[in-house]
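This is what each chain is made of:
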Amino acid sequence: MSPDVRLLVYAAILTWVMIMVATFVRSGGDLLYGFGNREAPPPASALAGRADRAAKNMLENMILFTAVVMAAQAAGHHGDSRVVLGARLFFWARLAYWPTYLAGVRYLRTGLWAVSVAGLALIVSALL
């Protein structure tokens, strides 16, 4: 498996963990809530709101990351240094973004998001 595809898999795992944590935080740690229909969720705390927004943002960015990594694979650019560097930038920035968002650190969070977008742009640049 090429490094960029491996990072795509890691990013998918991170996305799943972020969604699970957001759900757990929103439920207030009530595991039985997850077994129900979730028709009457408890009020969201500020942390629960941030966890949910971070997970949704990751989902949105995973669509783009998946598309560009798969395009690089289809074009035969797997292992290309720009593709791998772009995938690394994306993954590590997104990993750092999550706790930064949960902690409510606004400007650093935005900077990390921008680094992840730069990673996407680097992958795209290898394809053009």
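For the structure itself, look to the data block above.
Cut-offs and rules
Residues numbered from 1 in each chain as written. Predicted model: local features only at pLDDT ≥ 70, side-chain atom pairs only at ≥ 80, totals over all residues. Heavy atoms only, no water. Helix = DSSP H or I, 4+ residues; strand = E, 2+ residues; numbered from the N terminus. Buried < 20%, exposed > 50% of the residue type's maximum accessible area, 1.4 Å probe, protein only. Areas by Shrake-Rupley, 256 points an atom, 1.4 Å probe, with all protein chains shown as cover. Core = buried A, V, L, I, M, F, W, Y, C linked by side-chain atoms within 4.5 Å. Contact = heavy atoms within 4.5 Å. Axes fitted to C-alpha atoms, helices over the stretch in contact; angles between N-to-C directions. Parallel < 35°, antiparallel > 145°, perpendicular 65-115°, else oblique. Left-handed = near helix turned anticlockwise from the far one by under 90°. Nonpolar A, V, L, I, M, F, W, Y, C, P; charged D, E, K, R; others polar. Phe/Tyr/Trp six-rings, centres within 6.5 Å; stacked < 30°, edge-to-face > 60°. Lys NZ or Arg CZ within 6 Å of the ring centre and 35° of its normal.

(A) Layout of the overall build of the chain. Assigned secondary structure in the chain consists of 4 helices and 0 strands. The helix and strand sequence of the chain, counted from the amino end, reads α-α-α-α. Considered along the principal axes of its C-alpha atoms, the chain spans approximately 50 × 30 × 20 Å. Sorting the 128 residues of the chain into buried and exposed places 34% on the buried side. Total accessible area on the chain is roughly 7,200 Å²; 68% of this is exposed by carbon and sulfur atoms.

(B) Summary view of the nonpolar core. Formed by 27 residues in total, the largest nonpolar core has its most connected members in Ala 11, Met 18, Met 58, Met 62, Phe 65, Phe 90 and Ile 123. The set of elements that each furnish at least two residues to this core consists of helix 1 (3-26), helix 2 (46-74), helix 3 (81-103) and helix 4 (106-127). Per-element accounting of this core gives the leading share, 9 residues, to helix 2. Contacts of Ile 123, omitting those with residues within four sequence positions, involve Phe 65, Val 68, Val 69, Ala 72, Arg 82, Val 83, Gly 86 and Ala 87.

(C) Fine view of the packing of helix 1 against helix 3. Where helix 1 meets helix 3, the closest approach of the two axes is 9 Å, and the angle between their N-to-C directions is 15°. Classed by the angle they form, the pair helix 1 and helix 3 counts as roughly parallel. For the pair helix 1 and helix 3, the sense of crossing is left-handed. Taking contact as the criterion, the partners of Pro 3, Asp 4, Leu 7, Tyr 10, Ala 11, Leu 14, Val 17, Met 18 and Val 21 in helix 1 are, on helix 3, Val 83, Val 84, Ala 87, Arg 88, Phe 90, Phe 91, Arg 94, Leu 95 and Trp 98. For the contact of helix 1 with helix 3, a count of residues per class yields 15 nonpolar, no polar and 3 charged.

(D) A look at the packing of aromatic side chains. Inspection of the entire model under this criterion finds 4 aromatic pairs. A centroid spacing of 4.1 Å and a plane angle of 15° characterise the contact between Phe 65 and Phe 90, whose relative ring orientation is stacked. With a gap of 25 residues between them, Phe 65 in helix 2 and Phe 90 in helix 3 connect regions that are remote in the sequence. For the pair Phe 65 and Phe 90, a shared accessibility class is recorded, and that class is buried. Here the aromatic rings of Tyr 97 and Tyr 101 are separated by 5.5 Å at their centres, their planes lie at 80°, and the arrangement is edge-to-face. Placement of the pair is Tyr 97 and Tyr 101 together in helix 3, with a separation of 4 residues, close to one helical turn. Under the relative-accessibility criterion, Tyr 97 is labelled buried at 3%. Taken together through their ring pairs, the aromatic side chains of Tyr 10, Phe 91 and Trp 92 make up a single cluster. Sitting over the ring of Tyr 97, Arg 94 keeps its end group 4.2 Å from the ring centre. Positioned over the ring face of Tyr 101 is Arg 109, at 4.4 Å from the centre of the ring.

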